[in-house]
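Descriptive structure summary
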Amino acid sequence: MPEEFNPKILAFLCNWCSYAGADLAGTSRIQYPPNIRVLRVPCSGRVNPQFLFKAIQVGADGVLVSGCHPGDCHYLTGNYFARRKFLIAKNLLELIGIDPGRVQFSWVSAAEGGKFAEVVKKVTDKVRTLGPNTKMVKKKLEV
Amino acid sequence: MKIIKTDELLNLINNLGKEMDIWAPVGDSFERVPSLKTVEIPQGTTHFSAKEIFFPKEQTLLTYKREDGNFELDSVPLPDAKGVIFGLRSCDLVAIAEMDEFFTGRTYTDVYYQKLREGMLLFGVACKQAAPTCFCNWFDPDVPVNPGVADVYLYPLENYLLATSTTERGEKMLSSFPDADEESLEKLERFKLESIASLPEKQETDGLADRIYELFDDKQFWQGTFDRCLGCGICTFVCPTCHCFDIQEEIINRVGRRYRLWDSCQFSLFTLEASGLNPRPTRFERMRQRFMDKLSYSYKEFGKYQCVGCGRCVVMCPANIDIREVIAKSCTVSRGGG
Amino acid sequence: MDSVTSQIRERAKALLSEGKVDVVIGFTEGTIPFTARPVAVAHPEEVECLVWNRFCRLNLASYLRQFKDKKIGIIAKGCDTRSIAILCTEQQVNRDNIYIIGIPCEGMLSRKTLRERFGDTPEKVEIKDDIIEVTTSGKKESVPISNFLDTACRFCIHPNPVVYDEMIDDEVPIRVSQEEHYSLLREFEKKSPDERWKYFREEFSKCIRCYACREACPTCYCEECFVDSLNPKWIDKGFSESDLSIWHLTRLYHQAGRCVECGNCSAVCPVGIDFNVMTQKLSLDALQMFQYEAGMSIDEKPLLQTFKQDDYNDFVM
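Residues numbered from 1 in each chain as written. Chains lettered and ligands numbered in written order. Predicted model: local features only at pLDDT ≥ 70, side-chain atom pairs only at ≥ 80, totals over all residues. Heavy atoms only, no water.

1. Examining the domain arrangement of chain C
A common measure of how large an interface is: the accessible area buried when the components associate. Residue and element names in this part refer to chain C. This is how it is decided: The domain boundaries here were taken from an automatic or database domain assignment. Buried area counts how much accessible surface, traced with a 1.4 Å probe, disappears from two parts once they are put together, with both parts' losses summed. Throughout this description, the term salt bridge denotes a Lys or Arg side-chain nitrogen within 4 Å of a carboxyl oxygen of Asp or Glu. Under the rule applied, a polar contact is a pair of N or O atoms within 3.5 Å (in protein, one hydrogen donor and one hydrogen acceptor; residues adjacent in sequence only if both atoms are side-chain atoms).
Taken as a whole, chain C is organised into domain 1 (3-110 + 149-305) and domain 2 (111-148). A straight line from the C-alpha centre of domain 1 to that of domain 2 covers 25 Å. Interface area, domain 1 with domain 2, both sides summed: about 1,300 Å², of which 62% is carbon and sulfur. Area buried by domain 1 at its contact with domain 2 is led by Pro33, Phe34 and Ser110, which between them contribute 50% of it. Linking domain 1 with domain 2 are zero salt bridges. At the junction of domain 1 with domain 2, the criterion picks out ten residue pairs in polar contact (both at pLDDT 80 or more).

Following this line, the structure appears as structure tokens:
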């Protein structure tokens, strides 16, 4: 039987909600797949869609961006702006043929450790069914 | 001068093609073709020149790897390509001669260029009829029928060709063909005259280098051209003599390479210095630089214009900037300002 | 001489002599076939060089910023006026310093398509109503002009000036419906993801990184483009499929809510990359998701600099 594909997923978590949510998941000992690599950002609004493109380029099979629920942003409106940007970036990626399941977004509050684990599980499952990403990845140099 | 029939020429090239690549004008550029089917080539020049064959737009120079604290450096074997390029125009051959001089004829020899260049046999074809954008005669009246650095140079007469060569390897290829008879040579003379007559009226280029040089600060002279310049690099990329390159590094997962790629004086990064100073800070200086380099600096420095009059930049510029106008205008502007 | 051309000259002359503007940006005859070239006229006696024809393809708004310190008159088609509106909204130029002479546009011809059909340099080109007559090697051919409309023009829904100070000639009828406008995109979206990627990787791999698309785009005006940035270095400079894709993807993403689908990027590309599907996507997303159309007024906030609390949220978990 072939070995199960373990995707690499880069997660951009906002400092005030989703990162704390991930912490809560940890302290509450809620299990979630170890496929995500967390990158803490001050706000989901900090995530430039170029980060998503770059992540795919350097070999992430999936990308997750998570921030505070709409209305709860620590900086009041960062996630509202982010939402518009992400939708456009996601649709462009989909247009050029990158499966939309590889780039996902969620709102997870500091109190939602359970939801965080669920989100990670969902994203991981989805990317696992999609298999390793080959599109737009920069090939390793041959030496 | 030798006589060669169309099918003999096709055979000659396709036989060479068994051991090397065949390049020929296809659409916009010179492309590799499995075999040569016709000796007819379109009037004028291709949009992109053949320079990419010796001077690829991207070329790896060396690679490196870091593993467990070790650093390994590898030089990349020199490119080893053999090919025959069919359908070069005389202006292209002049450009190749200038490229040769730039990369191999001065103090430093660029082995990457040299290796690719040496592997290529050049088949030039004289122009029967110049295209309306041609102006090679402005720099040298005989260019359109001049063999230049071609290994084999062909004059297409009605149903056969005359061939000559300027190199030993070219001569060897032609040795088995019969010499041209009186009649053919007469035809050749007529061909040459017709070809030269099809070119536009010659613009005065004596003293052009000095004229342009003096216009450096004449903002008014450049203004009209600058007004429409978008600042892209198309003119330099299609130019057969533009040879500037950039050297870059890239690393992926601890494996890296150093490579060179085409650069353009039209880009702001071209002259940006590490201090942050950019001696050509705006599009104006960059646009002017191209004309200064083509029409003045090169001549003052090396005695040759870097413009060969192929008309590629004229055809390809999206804003229709026309180097012919700049040359013509420099003739009418009185010295020391306009 | 056709009446639009003479009216343009008349108006340009008046504006320049009255001192209302310092310079008029318009088009003049090109030096090669199928081309009208941009020109900036600064003196009333020079206006005779201005022309209007079906080759005035470029979006002149790209030239506004370099005359920033002057009072500018500009000859503008529908798409040009929308780009001008965006530049005003984004405070790149001052609306008070710009006098827009709007021209309803019947659609411009694609130099590329014409060249593919007739070669680069036919002897003679004439346009009579809806027919283009081209003479190559002594042979004259008459072909309907509609065969050579630029792709962007073929699908244009705003041929008439949107923001202007005066308009020359009457409005032209809109040639396509809102739904037809997106037909390229609709057709493309039927393809599978793999087919779409195959198309784009091939398209992007043609790129020679001359950056004409960026330079010709009226709304690509950053002092330092991300692709030129050395620190951080967003992408490498080579020709890998990945770097080229990310370059074009990011540039187009930066045009979200700003692209007016003038088609300048595709028109100037020397290797013929077609961006029209992507620009239609940007436009459709803005319209469908945010009821936003780029460049329709100078008072509206840019798409990505504003939000609504009830913006589309279904794609977020």
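2. Let's talk about the pattern of salt bridges
We apply this condition: Secondary structure follows DSSP: runs of H or I at least 4 residues long count as helices, runs of E at least 2 residues long count as strands, and numbering of each begins at the N terminus. For every residue, the accessible area obtained with a 1.4 Å probe (protein chains only) is divided by the maximum for its type, and the residue is called buried under 20%, exposed over 50%, and partly exposed between those limits.
Going through the model one piece at a time under the given rule, you end up with 49 salt bridges over all chains. Here A:Arg128 ties to A:Glu4 by a salt bridge, and the two come within 3.7 Å at their closest N and O atoms. With A:Arg128 in helix 4 (residues 113-130) and A:Glu4 in the segment before strand 1 (9-14), this residue pair connects regions lying 124 residues apart in the sequence. By relative accessible area, A:Arg128 is classed as partly exposed at 23%. Put simply, C:Arg65 and C:Glu223 hold a salt bridge, and the shortest N to O gap is 3.6 Å. Of this pair, C:Arg65 sits in the loop between strand 2 (36-41) and strand 3 (72-76) while C:Glu223 sits in the loop between helix 8 (212-216) and helix 9 (241-253), placing them 158 residues apart in sequence. Take C:Arg65: its relative accessible area is 23%, and that puts it in the partly exposed class. Residue classification places C:Glu223 among the exposed residues on the basis of a relative accessible area of 74%.

3. Considerations on the pairing of strand 10 (residues 245-252) of chain B
All names here are of chain B. Which entries qualify depends on this criterion: Two strands form a pair only when DSSP identifies at least two bridges running between them.
Across eight bridges, strand 10 lies against strand 11 (residues 255-262) in antiparallel orientation. Bridging from a neighbouring strand, isoleucine 247 pairs with arginine 260 of strand 11. The hairpin turn running from strand 10 into strand 11, its antiparallel successor, is two residues long, and asparagine 253 in that turn takes a positive phi close to 50°.

4. Details of unusual backbone geometry
Cis geometry marks the peptide bond from C:Asn231 to C:Pro232; its omega dihedral reads 0°. By the secondary structure assignment, C:Pro232 is in the loop between helix 8 and helix 9. The backbone of A:Arg29 shows a phi angle near 60°, a positive value even though the residue is not glycine. Take A:Arg29: it is sitting in the loop between helix 1 (18-27) and strand 2 (36-41). Phi at C:Arg209 takes a positive value of approximately 60°, unusual for a residue other than glycine.

5. Regarding the interface of chain A and chain B
Selection criterion: The contact criterion used throughout is that any non-hydrogen atoms of two residues lie within 4.5 Å.
Between chain A and chain B, the contact holds five residues from the first and eight residues from the second. Note on chain A versus chain B: buried area summed over both sides is about 690 Å², and carbon and sulfur give 73% of it. Across the chain A-chain B interface, the total number found is one salt bridge. Of the charged contacts, one joins B:Glu250 and A:Lys138 as a salt bridge, the two residues approaching to 2.8 Å between their closest N and O atoms. Where chain A packs against chain B, one counts one residue pair in polar contact (both at pLDDT 80 or more).

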